[in-house]
Amino acid sequence: VAIFVVVGIMNNSAEKKENAAQAALTVALTTEAEVEAYVAIANDYAGTKAANTAVYMAGAEYLEAGDLENAKAYLAKYENAEGAAGEIINALVLTLRGDIAVEENDLQSAVELFNAAMAASADEATYEKNAHKLALVYAAMGDSEKAQETYKALVEKYPNLLAKYAKNISK
């Protein structure tokens, strides 16, 4: 019986921590918080789902500010999440890591990361963003054939995007 009580208390404590972390994250997201708010949530509520999301947000904010080292450090702390929303965030973390690789002129790593992001989530908007970035990287590498193949694969998967990318595909 004592084991069940201890397990119940531990579960209740973890649930309270997760709820507090989620509340803090909600405030940060709805008030357009600065990166420090996400860093605080990541540190204060480590091990929670909300802290994991805050790690992603901190990485994104650092990247937007041009701080590649902190962006890499926070994105390295991210742990893959489950579920449909988790798949999208997992893919977006890979996207940000691909963006960092582009900034560092490591185009081969960017190719790998954008491909991994496309494989991580079939969400149309996320997939489109990564396919477009991948095509741009191929073009920057001087491989226009691979860039066109990427656009063709994108519109095959999502035919509704044909009008948007038709100019990028030669006949």
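Residues numbered from 1 in each chain as written. Predicted model: local features only at pLDDT ≥ 70, side-chain atom pairs only at ≥ 80, totals over all residues. Heavy atoms only, no water.

A few words on the packing of helix 5 (residues 83-103) against helix 7 (residues 124-140). Look at helix 5 against helix 7: their axes get within 10 Å of each other, and the N-to-C directions meet at 20 degrees. Relative to helix 7, the element helix 5 lies roughly parallel. In this structure, the crossing between helix 5 and helix 7 has a hand that is left-handed. Taking contact as the criterion, the partners of Ile88, Ala91, Leu92, Thr95, Asp99 and Val102 in helix 5 are, on helix 7, Thr126, Lys129, Asn130, Lys133 and Val137. Across the contact of helix 5 with helix 7, the residue classes break down as 5 nonpolar, 3 polar and 3 charged. (Axes fitted to C-alpha atoms, helices over the stretch in contact; angles between N-to-C directions. Helix = DSSP H or I, 4+ residues; strand = E, 2+ residues; numbered from the N terminus. Parallel < 35°, antiparallel > 145°, perpendicular 65-115°, else oblique. Left-handed = near helix turned anticlockwise from the far one by under 90°. Contact = heavy atoms within 4.5 Å. Nonpolar A, V, L, I, M, F, W, Y, C, P; charged D, E, K, R; others polar.)

Bringing the pattern of salt bridges into the picture now. If you walk through the whole model with that rule in mind, you get 4 salt bridges. With its nearest N and O atoms 2.7 Å apart, the salt bridge here joins Asp99 to Lys133. Of this pair, Asp99 sits in helix 5 while Lys133 sits in helix 7; the two residues are 34 residues apart in sequence, bridging distant segments of the chain. The exposure class of Asp99 is buried, given its relative accessible area of 17%. (Salt bridge = Lys/Arg side-chain N within 4 Å of Asp/Glu carboxyl O. Buried < 20%, exposed > 50% of the residue type's maximum accessible area, 1.4 Å probe, protein only.)

By the burial criterion, the buried members of helix 2 (residues 35-44) are Val35, Tyr38, Val39, Ile41 and Ala42. The buried residues of helix 2 occupy an angular sector of 160 degrees when projected down its axis, which confines them to one face. Every exposed residue of helix 2 that faces more than 90 degrees away from the buried side is listed here: Glu36 and Asp44. (Arc of directions from axis to C-beta.)

Okay, the environment of Ile100 next. The topology assignment puts Ile100 in helix 5. Placed 28 residues apart in sequence, Ile100 and Lys72 show a C-alpha to C-alpha distance of 7.6 Å. Sequence-distant contacts of Ile100, that is, excluding residues within four places in its chain, are made with Leu63, Leu68, Ala71, Lys72 and Leu75.

As a further point, take the environment of Gly59. Residue position: Gly59 is located in helix 3 (residues 49-64). Apart from residues lying up to four places away in sequence, Gly59 is in contact with Ala71, Tyr74 and Leu75.

All right, on to the side chain of Asn52 then. Mapped onto the fold, Asn52 is located in helix 3. Overall, Asn52 belongs to the buried group, its relative accessible area being 16%. Sequence-distant contacts of Asn52, that is, excluding residues within four places in its chain, are made with Lys77, Tyr78 and Glu79.

Relative to the helices and strands, Thr150 resides in helix 8 (residues 144-157). With 14 residues separating them in the primary sequence, Thr150 and Leu136 have C-alpha atoms 9.5 Å apart.

Function cannot be read off these values alone, since they describe shape.
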